[in-house]
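# Survey of secondary and tertiary structure
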Amino acid sequence: MKWSNLTFFSKAIIVLVVAGAVGSAVYFLSPGLRVDESKKLEQLTLSDQDVNNVTTSDELPLPEIDQPGDVANKPLVRIGGYAWNAQSGIIVANGGAKTSKGSLMEKNGVRLEIVRQDWLSELRNLQMKFVDEFDKGKNNPTEGVAGIMIMGDGVPFYISSAQQALDDKYGKGKYQLQAIAAIGLSYGEDKLIGPPSWKMNPQSMKGALVSAVIGDGDWVTTVNYAFANGLKVNPDPSTYDAEAVNFLASANDDYIESAKELIKSQQEGWSIPLKEVKDGKLTGKTINKKVDGCATWTPGDKMVFDKLPGFTDVVSTKEFNNQMATTLIVLRQWAENNKEVIGKILRSAYTATNQMKQYDTWRKKASETTAKTFAMETPEYWYAMFKGQKGEKNGVSYNMGGSRVFNLADANQYYGISDGTNRYKAVYDQVSRYLKELNPAGFNQNVKRVVPYEEAVNLAFLKEIRDIDAGASYTTDYTQKATSVVASGEWKINFDVARASLRPEGEDVLDQIYNLVIQAEDSKLELVGHTDNTGTKDGNYALSTARAEAVKSYLVKRGIPANRFQKIGGKGQDEPIADNSSPAGKAQNRRVVITILK
């Protein structure tokens, strides 16, 4: 068995078991030994706004690239991260991979090194090395990395699996990894790529095979889209379910491989042998399936669009605009010993991102430092991809790239510090639910628990930053009418009989709706209620409308702006989706349809 053949979850467990010294590694996917039934949760999507930057401070001097900063006498802090444009704010704050002359990090007395590492398993190894050195009594280890920057929707898996390894090796609760801040986010660059029919008719995705890094943010985007449109998801990458969306675990946990696998399959006819499953049971047949789409991010998207005609971005983080923040994870015990350094790093980063939001010279300098730090592509490439690019091939249009940076006002808004609506908690809780309910690749059999948000996220360091220009936060304009449907899903919400009052068990479904609506904050919403045929026709019109209004009231109380709701209505018993002659059919017909529009 080759390492390159293992999925994200398999390698994660293997790496963590080695790091935790708790025994030998096991390929826990166990293809053919256990089969999970494809599952259908409930979910939504949306967005399409450009940032309206507001000037709040004077333009600052730019850092000098390739000129070392005067910080040799400062303790070295190393942070690892992917080659990801949404990190450009902290990179330009540092003047590149190492602190440069005239940089904001130098001015704040920080000696920082940014380490590119595109494999999550290796980022984890680097952080585990750091913890090991810290445990030996070194306050500022030079081995490994003090922090890593990953997609925020990947944090529940990363912290949950890493925490188990830490507990196993050092004792329960001795060390904790925590997310402490977000410095930017993906705003279109992470996406599901497939044929245009998936966008026009999401039901045509049924039976598709999508190459992806399972558990990664791009996988989450695809899962969101499937559930938003009432499609089942097959959580087992070793099987094929013709009634669900299926996933191929990409080689090396590499999003570039996801793109390459789609290209190879489409150009060369390469197929994957998968065991057929129906209703969670193996049929004994093997299906040789070509790859139909991929979940990837820039530059993987550009690779696909350059090589293949007839493909487009089906859905992306432009629609799920709060889903994928650039999240910094550190060892809590080290961070508490180095509060001043953490504060200076965040002040420098948020000052730089605020400059980027206001001044094009800073965005261009960020692209230059990003190209040098990643040793990949040109500054012009990163500059264009930061803004996002449109293209067309054989009459099919597509979008590439798209990133945003967070200034301090954005970060405070994202975590609900300034307005009380914690957008990241909605993301964290939703992905945690995926891990528990979908059980992708046997997650629940190998990780003891999903670390709850309250333990995984520590905003104390962020809240201490008050002495810089916070800038203006991102806002969404809901005054324009939305006309394009991104997703439409039917939600079964329990109400009291013949009334519009919610039953307690109905609130669990509403929590799921809330989490998704928060992630798709740039969207507008339509709610339409439906009933079974009990009672009078006129009475059911009123009841179905009242139930849609009850859902709106719940969401507004949770912080969803009332002007996001473009339409509230009821169709009574006019549009049944099941036979009203049985109790089960009646239950299916009692529903609220939530449509997400942009």
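Each chain has its residues counted from 1, running along the sequence as written. Given that this is a predicted model, residues contribute local features only at a pLDDT of at least 70 and side-chain atom pairs are listed and counted only at 80 or more, while totals for whole chains, interfaces and linings are drawn from all residues. To obtain the side-chain values, all non-hydrogen atoms of the structure were used and water was disregarded.

## A word on the packing of helix 7 (residues 217-228) against helix 15 (residues 423-438)
Going by this rule: Axis definition: a line fitted to C-alpha atoms, limited for helices to the stretch in contact. Angles are taken between N-to-C directions and run from 0 to 180 degrees. Where helices and strands are cited, they refer to DSSP runs of H or I of at least four residues and of E of at least two residues respectively, numbered from the N terminus. The scheme is simple: roughly parallel for angles under 35 degrees, roughly antiparallel for over 145, roughly perpendicular for 65 to 115, oblique for anything else. Note on definitions: a residue-residue contact is assigned when non-hydrogen atoms from the two residues lie within 4.5 Å. Ten residues, namely Ala, Val, Leu, Ile, Met, Phe, Trp, Tyr, Cys and Pro, are considered nonpolar, four, namely Asp, Glu, Lys and Arg, are considered charged, and the remaining ones, Gly among them, are considered polar.
As a packed pair, helix 7 and helix 15 sit with axes 12 Å apart at the nearest point and diverge in direction by 80 degrees. Compared by their axis directions, helix 7 and helix 15 come out roughly perpendicular. When helix 7 is examined against helix 15, the residues W219, V220, V223, N224 and F227 are found in contact with a partner set consisting of Q430, V431, Y434 and L438. Across the contact of helix 7 with helix 15, the residue classes tally to 7 nonpolar, 2 polar and no charged.

## Section: unusual backbone geometry
One can expect most non-glycine residues to show negative phi and most peptide bonds to be in trans. The amide bond that connects T298 to the next residue, P299, takes the cis arrangement and shows omega of 15 degrees. Mapping P299 onto the fold places it in the loop between strand 12 (293-297) and helix 9 (300-307). Unusually for a residue other than glycine, A375 sits at a positive phi of about 50 degrees. Tracing the sequence through the fold places A375 in the loop between helix 12 (360-374) and helix 13 (379-387). Positive phi, normally seen in glycine, also occurs at N394, with a value near 50 degrees.

## Description of the side chain of D241
Inclusion rule: For every residue, the accessible area obtained with a 1.4 Å probe (protein chains only) is divided by the maximum for its type, and the residue is called buried under 20%, exposed over 50%, and partly exposed between those limits. Only four residue types enter the charge count, namely Lys and Arg as positive and Asp and Glu as negative; His and the chain termini do not. When a carboxyl oxygen of Asp or Glu lies within 4 Å of a side-chain nitrogen of Lys or Arg, that pair is called a salt bridge. As used in this structure description, the phrase polar contact means that two N or O atoms lie within 3.5 Å; if the pair is within protein, one of them must be able to donate a hydrogen and the other to accept it, and residues adjacent in sequence are counted only when both atoms belong to side chains.
For D241, the location among the structural elements is in the loop between strand 8 (239-240) and strand 9 (244-249). Although D241 is buried, it makes no salt bridge; K232 carries the closest opposite charge, 6.0 Å away. Side-chain polar atoms of D241 contact the backbone nitrogen of E243, separated by 2.8 Å.

## Focus on the sheet that holds strand 14 (residues 325-331)
Heads up, the rule is: A pair of strands counts as paired when DSSP detects no fewer than two bridges linking them.
Pairing in this open sheet of 6 strands is mixed, and the strands run 2-1-3-14-4-17 from one edge to the other. Each edge of the sheet is formed by a strand with only one pairing partner; in this case those strands are strand 2 (111-116) and strand 17 (403-405). For this sheet, the mean angle separating the axes of adjacent strands, direction not counted, is 30 degrees. Pairing geometry for strand 4 (residues 177-186) and strand 14, over 6 bridges, is antiparallel. The partner of A179 across the bridge, within strand 14, is I329.

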